[in-house]
Amino acid sequence: MADFGEDSDESDGEGSLGNVNRIIMRPPGHSGKAKRGHLCFDASFETGNLGRVDLINEHEYDLFIRPDTCSPKLRFWFNFTVDNVRQDQRVIFNIVNISKSRNLFNTNMTPIVKSTTRPKWQRIPKRNVFYYRSPVHQNNYVLSFTFGFDREDEIFQFALAPPYSYSRLQSFLLSLDSKGRHSKCFLKREIIGSTVQKRKLDLITIGAPENMNEKQRVIIILARVHPGESPSSFVCQGLLEFLVSVNSISSLLRQTVTFKVIPMLNPDGVFLGNYRSSGMGFDLNRVWHIASQWAHPTLRAVLDMIIAIDKSKDFQLDYVVDIHAHSSLTGCFIYGNSYEDVYRYERHTVFPKILATVSDDYVATNTMFNADGNKSGSARRYLCTILSSQVNCYTFEVSLFGYKLNGGEVIIPYTEDSCIL
Ligand SMILES: [Zn+2]
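Residues numbered from 1 in each chain as written. Predicted model: local features only at pLDDT ≥ 70, side-chain atom pairs only at ≥ 80, totals over all residues.

**A few points about the overall build of the chain**
Argument step 1. Secondary structure assignment for the chain yields nine helices and 21 strands.
Argument step 2. For a compact globule of 421 residues, the expected C-alpha radius of gyration is about 22 Å, and the chain comes in at 23 Å, within 12% of that figure.
Argument step 3. For the chain, the C-alpha atoms occupy an extent of roughly 75 × 40 × 40 Å along the three principal directions.
Argument step 4. For the chain, the proportion of its 421 residues judged to be buried stands at 44%.
Argument step 5. Partitioning the contacts of the chain with sequence separation of at least 6, the portion at a separation of at least 24 is 71%. (Helix = DSSP H or I, 4+ residues; strand = E, 2+ residues; numbered from the N terminus. Rg over C-alpha atoms; globule rule 2.2 N^0.38 Å. Buried ≥ 20, exposed ≤ 12 C-beta atoms within 10 Å, placed from the backbone. Contact = placed C-beta atoms within 7 Å.)

**Side note on the sheet that holds strand β7 (residues 112-115)**
Argument step 1. Read from one edge to the other, the open sheet built from six strands follows the order β1-β2-β5-β11-β7-β8, with strand pairing classed as antiparallel. Each edge of the open sheet is held by one strand with a lone partner, namely β1 (23-24) and β8 (118-123).
Argument step 2. As paired elements, strand β5 (residues 79-83) and strand β11 (residues 156-159) share four bridges and run antiparallel to each other. From the neighbouring strand, V82 faces β11, where its bridge partner is F156. (Pairing = 2+ DSSP bridges.)

**Some points on the pairing of β7**
Argument step 1. Note: β7 against β8, three bridges, orientation antiparallel. Bridging from a neighbouring strand, V113 pairs with Q122 of β8.
Argument step 2. The loop that links β7 with its antiparallel partner β8 comprises two residues.

**Notes on the domain arrangement of the chain**
Argument step 1. We note that the domain assignment places domain 1 (10-159) and domain 2 (166-419) within the chain.
Argument step 2. Opposite the 23 residues of domain 1 that make contact, domain 2 presents 23 residues.
Argument step 3. In terms of residue class, the side of domain 1 that touches domain 2 is built from seven nonpolar, ten polar and six charged. (Domains from an automatic or database assignment. Nonpolar A, V, L, I, M, F, W, Y, C, P; charged D, E, K, R; others polar.)

**Some details on the sheet that holds strand β12 (residues 186-194)**
Argument step 1. Spatially, β12-β13-β15-β14-β16-β19-β17-β18 is the arrangement adopted by the eight strands of the open sheet, whose pairing is mixed. What marks the edges here is a single partner per strand, and that holds for β12 and β18 (368-370). On average, each strand axis in the sheet is inclined to that of its neighbour by 20°, with strand direction left out of account.
Argument step 2. Bridge analysis of strand β14 (residues 216-223) against strand β16 (residues 315-326) gives eight bridges, and the strand direction is parallel. The partner of L222 across the bridge, within β16, is D322.
Argument step 3. Packed onto the sheet, helix α2 (residues 231-243) meets β13 (200-207), β14, β15 (257-262), β16 and β19 (392-399) and runs at close to 140° relative to β16. (Axes fitted to C-alpha atoms, helices over the stretch in contact; angles between N-to-C directions.)

**Some words on unusual backbone geometry**
Argument step 1. Phi at C70 is positive, roughly 60°, even though this residue is not glycine.
Argument step 2. Positionally, C70 belongs in the loop between β4 (60-64) and β5.

**Comments concerning the UniProt feature "active site" (unreviewed entry) in the chain**
Argument step 1. Per the UniProt record, "active site" (unreviewed entry) is found at E397.
Argument step 2. With respect to the helices and strands, the residue E397 is situated in strand β19.
Argument step 3. Judged by C-beta crowding, with 25 C-beta atoms within 10 Å, E397 ranks as buried.
Argument step 4. Ignoring any residue separated from it by four or fewer positions in sequence, one finds E397 in contact with H324, A325, H326, C332, F333 and Y335. (UniProt positions renumbered as here; feature names shortened; annotations may be inferred.)

**Quick word on the nonpolar core**
Argument step 1. Counting residues in hydrophobic clusters, the biggest one holds 100 residues, and the most contacted among them are F41, I221, L222 and V320.
Argument step 2. When residues of this core are assigned to domains, at least three map to each of domain 1 (10-159) and domain 2 (166-419).
Argument step 3. The contacts of V320, once residues within four sequence positions are left out, are I220, L222, I306, A379, L383, V391 and C393. (Core = buried A, V, L, I, M, F, W, Y, C linked by C-beta atoms within 7 Å.)

**Some words on α2**
Argument step 1. The end-to-end C-alpha distance of α2, which contains 13 residues, comes to 18 Å, matching closely the 18 Å that a straight helix rising 1.5 Å per residue would cover.
Argument step 2. Of all the 13 residues making up α2, ten are buried; the element is thus mostly covered by neighbouring parts of the structure. (Expected span 1.5 Å × (residues − 1).)

**Focus: the environment of Q89**
Argument step 1. Assignment of secondary structure puts Q89 in strand β6 (residues 89-95).
Argument step 2. Distance in space between the C-alpha atoms of Q89 and P162 is 25 Å, their sequence separation being 73 residues.

**Things to note about helix α1 (residues 166-183)**
Argument step 1. With 18 residues, α1 should cover 26 Å at 1.5 Å per step; its first-to-last C-alpha distance of 26 Å lies within 8% of that length.
Argument step 2. At L176, α1 is deflected by roughly 30°, the largest bend along its length.
Argument step 3. If you check which residues of α1 are buried, you get Y166, L169 and G180.
Argument step 4. Where α1 is buried, its residues touch β12, α2 and α4 (267-272).
Argument step 5. Positioned one or two residues after α1, K184 has a phi angle of 55°, which is positive. (Bend = angle between axes of the 7 residues up to and from the residue.)

Rendered as structure tokens:
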């Protein structure tokens, strides 16, 4: 518990590196021990993000997202807790400094909430959420939502999307081994590098034991280069669980292909609660062409691995798929490359077409193949320039919010469980 008798000056922190650390919001002029209903905000935990809180009046608070490390223009991911609430206290929270005005809050997305005795994330009802240009906030887009605290002794947590931390990945990977034992698959976990802040860069290899000595066809999966795109991790976890399972399709896949999966390309950024940046402030999906051991050690390690596999006579690299979460579109879809060589281009469009036929939430109209220059440092764009021409490099996008079924207008939110098979 916090010492409610102490003041904190953390609320001056917008633009600083720090998250709020159990800051208690007292009405002006109040001194002495904090009372119930003087809300206590905290984001000083793994994946937490809240930089500053301003008390407008006893019912209303302006909340400031902490900008990405060394990238003040990037502000979208938020994840914080509130406690010391009063029974039936009703509040308005205004998130006032979102940097990306066109996003899924325009498409009826709402923040999610959970509390101590209700640990499953729930969406705040749309009728309580407003996303609009606010004249009292320099005409910036503001996300306002009302909330009623119904239980006094609970800690309430609010977030953009279900968080998926570095620690959660580490404990999942520990459990993967026992899952793989049932299917008798080949399963290997290696640490192929470390981040600037010394976190592990994991590589998981999955295949069939009998294929390991022959020339292997390889598919490389990358995930979570962008920390605020937590659905990327849920999709990756679901994929890993499926690939090691006893399911007959996964068994057939393992007989045919060896999968090499990097489940978290940016562990420092994820840990810090950034939206797009690494711990040094780089958008790692814009610097593949200049990846250095000093500034982007996880990219360098993965790039060296991919190049070695592509060059080796023991492997045939077919696909590299980089999993992201999209902040303004619904469903899942592929971004690919366009090529002047029509045969290469035709080959490249086959995988998205297959995906469209087997996946109910796939959106063909969001799928794009392009060659625009501003993405030249992204994985799919850079890798296709340096790898053999038979390798197809894709970005796989899944919505931060949800999907529409059968072309309908109702959006069904993705949940933690629905990504995990
Ligand atoms: Zn992304």
